[in-house]
Amino acid sequence: MKLAERFRLSRFISGEKAVDTPVVLNHRRIFILPTQRGLGFVLLIVLLMLIAFVYNNNLAYMLAFLLASVFFITILHSYKALSGLVLQQGRSKAVFVGEAAGFDIHINNPTDMERHQLQVKLQDAQSLTLQPQSTAHITVYSLTHKRGWHQAGTVTLSSTYPLGLFRVWSPTRFNLKALVYPKPAHVEMPFPHTSSAQAQQGVSNKGGDEFYGLQEYQSGDSIKHIHWKAFAKGLGVFSKQYGGDQSSEEIWLDYDHAPGHNSEERLSRLCRWVVDAEQAGIRYGFALPGLTLPPGNGLAHYQKCLEALALF
Amino acid sequence: MKPELDKNILIFLLSSIGLIVFPHIYHIPAAVFGFFCLLLSWRFVGVWKPNWLPGKLAILLLAVSGIGLLYSQHQGLFGRDAGTNLFIIALGLKLLEIKTERDLYLINYLAFIVAASQFLYEQSILMAAYILLVCCVLLATLVYINSSKAQTLAAVKTAVIITVQALPIAVALFVLFPRLEAPKWMLFNDSHRAETGLSDSMEPGSISDLGESFELVFRVKFAGPIPPPQQRYWRGPVLSYTDGKRWTQATLQKPSRKPAVAGTSYQYTLLMEPQDKNWVFALDMPQEFSAPLTLNAGYQLITSERTDQRAEYKVTSYPDYNTGPINSGEYKAATQLPGEPSDKIKQLVGQLHGFDSAPDNFINQLLNHFRTEDFHYTLTPPVMEENPIESFLFKTRYGFCSHYASAFVYLMRVAHIPARVVTGYQGGELNKVGGFLEIRQADAHAWAEVWLENRGWVRVDPTAAIAPERIEREINIDRQTAYGIASANNYLPRPAYNWLKQARQLWGNVDYNWQRWVINYDNKSQSNFLSSFGINDVKTMIYWMIAVIASITAVLCWFLLYQKPKAADKVVLIYNRFCKKLVKHELIRGAGEGVKDFSERVKIKLPVQAEQIDQITSLFIKLRYGRMASEEDLQQLKTLVGLFKS
């Protein structure tokens, strides 16, 4: 490793290059600086030295020296608070824009020492205590703003144990990313007339799989068609009504037919349709410029569609 | 972060603060101490009844009354007492206003300062040990705040461990940190010196009870043999002038020449305890000494240094001396009488041949008079307001050293023999463990000095003439043992007495070394001590300090951080090295990827090294998961990985 690289300042904040492998915290990854309280402690020592000096009092000197020595020794203890811990990346789940992406991190303490008050921070800090020879599984969250891949960034593990005079921290970057789907559009809108789909599929079922309205729930309606939102709002139980034979209906969700001023709005609309369609249990085909997915239903299909939307 | 006001933390912190302030009960005004106790107990109640704590306005009022209290004590803002009061009151007020963790820290730091102020009043070993313990508790509070679980014992244990580990470096700093004398303007004028001890005047009749204090006055360590008890007279102020009741120092002309000395000499080091006078008690007759000591007209050593701290002096004395001729001023002062003596006195002097024989003879006659007549030695004589000397000689005949010395000197003067009273200390107990003498307030003594032709000033101790059976019991046994006129075994069973004495001497020795090497370690003794190691200037001192601290740190690092890697971990470490080599070929083992799968992937990319890769993989599996792995396998894996070319 080159000298310049060894002393990169950014290592202090964002840590070493992102890795996939477990990371053992050692002297290269652990940094220590006094906290504000630590600086206050230094001030205390200076004051004690001054008292000792003015009164020429050897025991006051001794107390000042003892505290100075405690301050010094605490550096080693601070280092011990993190050293030897093993960090390993776990899974991450896909989310919609605006939600917080969660990343699983496993922190293993292979030593016989208890680790107190560890703070794990991505955006918000969480604290935990690790028993000797144990592993903690935690999920750190980071808010998403854009669809596509969302990098986890730097996970910082820190501690002020034992005296709070020093903060010891270790920034770690993993190759952790979460897929972020577009934000589903707010407004509920009927599924589109899909002429292109009909042409492709050769199915002529005019208005058949079109959502055309809501009607009061009657026994026998599929649970999948219940308009849960309205129910949640306390408006009563309604069923979504679709034309034609509901179970065998197919719709086409096409980028070209999605309303919107720009591509993001269209994607957002499409996303909403995908979510709604999946919820409603309708078989839906999916088309983006350069990508066409035949009609389908179920989690795998759903995820495929959303993934395509996220990465478009 | 924990809830801000964890009950346990508060109880812990408040108790340790109580412990820290408690010894100040002797040092600060009762009002200040009471005020602090009020605040502390209020806070204690507040732990369980948070609603009872004062509001903002009440705290302001309390602060104002605290300032008023400080002001009423008339101690100003600076100086030891004022500073201590200020910090204690500030600490008390801050206690009522704990909101965040930051406040806990502030209180903790204030408590450390109050702990340090304790040392400005008392520097004994016991106090040092006490404060050390309390400091551990304070540190434990910090550990407690920073650890996750409410484990008081664990926090205390951690704090003690840290403190113990910190001690070596603290000691190194103590020895090697350059000591500088504070400039004079920085010294605050505090009148906190010892109140007991010898005074510069003597009034035998008015005191009816001599305090028997075992407080230490000074210690003496002899370079050679220790003088016999009858020569251990530690000279203090010389009292020449009397008004009949009271004896005081007369202003004397300094003798023109030093006393002639002969015979054996005693070299010794005096370690004076803090006192309010600038007197140094040397063995009769001090001959060699160095600045800041000077000899005054009464052959008493005077120091020009501050004496509110322990000080060490090197002196050489000769018990055999001759002060030579008397000068006129001395003669005048030594024959001064407060008026015409009464007929009764004159009759007594005449009867003892004071007017018609040589001074020697008269002295012996007088001492014999004390011995044969019904004189008693007691520490609780009756008060003699009027004519104390006459009352003592003819009526009460009960007295202690001052009575005998003053009566003796008075009678000498009536017989026209120059005489004066010398005060000081007599005897001293030998500490067998440390080989030094301890002189205590109870050893205070007064004796007489007469001037004789060709012999100069000669010491006469009339108290020694009292017959032993007439000595009352309460007096200092040790001193009488030194005189050879009383023996200890009359009072205590011998083994118990010996055991007690030994224990006292052992403790005395520890205390002596503590005073000498810890309390009294100043820039002078530091340079003396360090020059014996060849460290002569501040620069070398600092180099040494850094070197010593660095080596202690290295040892501590090893002790604290080194962990023997487990065999299994070694295997993983070696395998990781192998993986690192493959990173260049963009072969990165996935998080959940098995070793075997990984090796297959590697072999496709690096077909040439397939055999090596297989060997490494199988060895790794054997070492990590197999049962029959041996040390050789580990070595082989090491070599293979080392040889593996990427």
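Structure report, in brief.

Cut-offs and rules
Counting restarts for each chain: residues are numbered from 1 in the order of the written sequence. Chains carry letters from A onward and ligands carry numbers from 1 onward, assigned in written order. Predicted model: local features are reported for residues with pLDDT of at least 70 only, side-chain atom pairs are reported and counted for 80 or more only, and whole-chain, interface and lining totals are derived from all residues. Here, residues touch in the contact sense if the C-beta positions derived from the backbone fall within 7 Å of one another. Only runs of H or I of at least four residues qualify as helices and only runs of E of at least two qualify as strands under DSSP, and these elements are numbered from the N terminus. Under the convention adopted here, Pro, Cys and the residues Ala, Val, Leu, Ile, Met, Phe, Trp and Tyr are nonpolar, Asp, Glu, Lys and Arg are charged, and Gly plus all remaining residues are polar. Paired strands are those between which DSSP finds at least two bridges. Helix axes use the C-alpha atoms of the stretch in contact, all axes being lines fitted to C-alpha atoms, and the angles between their N-to-C directions lie in the range 0 to 180 degrees. For every residue, the other C-beta atoms within 10 Å of its own C-beta are counted; 20 or more classify it as buried, 12 or fewer as exposed, and values in between as partly exposed. C-beta atoms are placed from the backbone. By definition in this entry, angles of less than 35 degrees are roughly parallel, angles greater than 145 are roughly antiparallel, angles of 65 to 115 are roughly perpendicular, and the rest are oblique. One less than the residue count of a helix, multiplied by 1.5 Å, gives the span that helix is expected to have.

Re the interface of chain A and chain B
The partner chain B presents 44 residues to the 41 residues of chain A that form the contact. If you list the elements that add at least two residues to the side of chain A that touches chain B, you get α3 (36-55), α4 (58-82) and β6 (115-121) of chain A. Take the side of chain A that touches chain B: its biggest share by element is 19 residues, from α4 of chain A. In terms of residue class, the side of chain A that touches chain B is built from 24 nonpolar, 14 polar and three charged.

Comments concerning the sheet that holds strand β21 (residues 456-460) of chain B
Residues and elements named next belong to chain B. Pairing is antiparallel across the open sheet formed by five strands, whose spatial order is β9-β3-β17-β20-β21. A single partner strand is all that each edge strand has here, and the edge strands are β9 (282-283) and β21. As defined by bridge partners, strand β17 (residues 419-426) adjoins strand β20 (residues 444-452) across seven bridges and the pair is classed as antiparallel. Note on β20: the bridge partner recorded for arginine 420 is glutamate 449. Against the sheet, helix α12 (residues 401-414) touches β17, β20 and β21, its axis set at about 15° to β20.

Topic: the environment of isoleucine 17 of chain B
Residues and elements named next belong to chain B. Its location among the elements puts isoleucine 17 in helix α1 (residues 7-21). The buried category is assigned to isoleucine 17, around which 27 C-beta atoms lie within 10 Å. Note: C-alpha distance between isoleucine 17 and leucine 40 (23 residues apart in sequence) is 8.7 Å. With sequence-adjacent residues up to four places away left out, isoleucine 17 is seen in contact with Leu40, Leu91 and Ala111.

As for the packing of helix α7 (residues 152-176) of chain B against helix α16 (residues 538-561) of chain B
Residues and elements named next belong to chain B. In contact at an axis separation of 10 Å, α7 and α16 are set at 170° when each is read in the N-to-C sense. Classified by the interaxial angle, the pair formed by α7 and α16 is roughly antiparallel. Where α7 abuts α16, its residues Gln165, Pro168, Ile169, Ala172, Leu173 and Leu176 lie against Met541, Trp544, Met545, Val548, Ile549, Ile552 and Leu556. Grouping the amino acids of the contact of α7 with α16 by side-chain chemistry returns 12 nonpolar, one polar and no charged.

Points about the sheet that holds strand β16 (residues 283-288) of chain A
Sheets are built from strands paired through backbone hydrogen bonds, the pairs being either parallel or antiparallel. Residues and elements named next belong to chain A. Taken in spatial order, the three strands make up an open sheet running β15-β16-β17, and their pairing is mixed. Of all strands in the sheet, those with a lone pairing partner are β15 (250-254) and β17 (291-296), marking the two edges. Each strand axis lies, on average, 10° off the axis of its neighbour in the sheet, ignoring direction. Direction of pairing for β16 relative to β17: antiparallel, over a ladder of four bridges. By the bridge assignment, phenylalanine 286 is partnered in β17 with leucine 293.

Comments concerning unusual backbone geometry
In this chain, tyrosine 161 of chain A is followed by proline 162 of chain A through a cis amide linkage whose omega measures 5°. Inspection of the secondary structure puts proline 162 of chain A in the loop between β10 (154-159) and β11 (166-173). Residue methionine 285 of chain B is bonded to the preceding aspartate 284 of chain B through a cis peptide linkage, with omega at 0°. Following the sequence through the fold, methionine 285 of chain B ends up in the loop between β9 and β10 (286-289).

Considerations on helix α4 (residues 80-95) of chain B
All names here are of chain B. Taking 1.5 Å per residue, 16 residues should reach 22 Å; α4 reaches 23 Å between its end C-alpha atoms and fits that length. Those residues of α4 that fall on the buried side of the exposure criterion are Asp81, Gly83, Thr84, Asn85, Ile88, Ile89, Leu91, Gly92, Leu93 and Leu95. The inward-facing, buried residues of α4 abut α1, α2 (30-48), α3 (56-72) and α5 (101-118).

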